Amino acid sequence: VQLQAYGGGFVQAGGFVSLSCAASVRTFSSYTMAWFRQAPGKEREFVAACKQSGGCTYYADSVKGRFTISRDNAKNTAYLTMNNLKPEDTAVYYCAAGNRLISSTIRYEHMYDYWGQGTQVTVSS
């Protein structure tokens, strides 16, 4: 499985960015897809996840209500739409895929087997 993330960039606080993650796999629908992020000097943290069936309801508290994760199984692509961005959202954003996740482990990065290369999102104040 190979993941390619797109869509990072530079945006002002309050702005909008949309990320995409394209997967090269025949059975995309069997994978849980997630986004993590890593800010400078900090550990990588969970942002949002979408289960195989499309249960896209897992969010970090810090992004709930501002970010939306979705997936299009026909296009082998996952998305992260980020609204009302804050400077503290500045980070490298990674998409990840795994097929052994359950609800209780979906936020743990070590449970994901495949990772994209990361895309930088910078939010200025």
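Refer to the preceding data block for the structure.
Description of the structure in this document. (Residues numbered from 1 in each chain as written. Predicted model: local features only at pLDDT ≥ 70, side-chain atom pairs only at ≥ 80, totals over all residues. Heavy atoms only, no water.)

### Details of the state of the cysteines
Here is step 1: Summed over all chains, the structure comprises two disulfides.
Here is step 2: Note that Cys50 is cross-linked by a disulfide to Cys56, the S-S spacing being 1.5 Å. On the S-S bond that ties Cys50 to Cys56, the torsion sits near 40 degrees, and the link is right-handed.
Here is step 3: Disulfide connectivity for the protein, with bonded cysteines indexed by sequence position, reads 1-4, 2-3. (Disulfide = S-S within 2.5 Å.)

### Quick look at the sheet that holds strand β1 (residues 2-6)
Here is step 1: Spatial strand order, β1-β3-β8-β7: four strands in an open sheet with antiparallel pairing. Where the open sheet ends on each side, the last strands, each with one partner, are β1 and β7 (67-72). Adjacent strand axes in the sheet meet at a mean angle of 15 degrees when their direction is disregarded.
Here is step 2: In this structure, β7 lies alongside strand β8 (residues 77-82), joined through six bridges in antiparallel fashion. Among the inter-strand pairings, Ser70 is bridged to a residue of β8, identified as Tyr79. (Pairing = 2+ DSSP bridges. Helix = DSSP H or I, 4+ residues; strand = E, 2+ residues; numbered from the N terminus. Axes fitted to C-alpha atoms, helices over the stretch in contact; angles between N-to-C directions.)

### Quick word on the packing of aromatic side chains
Here is step 1: Enumeration over the complete set of coordinates arrives at five aromatic pairs.
Here is step 2: Centroid distance Tyr31 to Tyr114: 6.1 Å. Interplanar angle 70 degrees. Geometry classified as edge-to-face. Here Tyr114 lies in strand β10 (residues 114-115) and Tyr31 lies in the loop between β3 (17-24) and β4 (32-38), a separation of 83 residues in the sequence.
Here is step 3: Ring centres of Phe36 and Tyr112 lie 5.4 Å apart, and the angle between their planes is 75 degrees; this geometry places the pair in the edge-to-face category. Linking Phe36 in strand β4 with Tyr112 in the loop between β9 (91-98) and β10, this pair joins segments that are 76 residues apart in sequence.
Here is step 4: Stacked on the ring of Tyr94, the Lys or Arg Arg44 has its end atom at 4.8 Å from the ring centre. (Phe/Tyr/Trp six-rings, centres within 6.5 Å; stacked < 30°, edge-to-face > 60°. Lys NZ or Arg CZ within 6 Å of the ring centre and 35° of its normal.)

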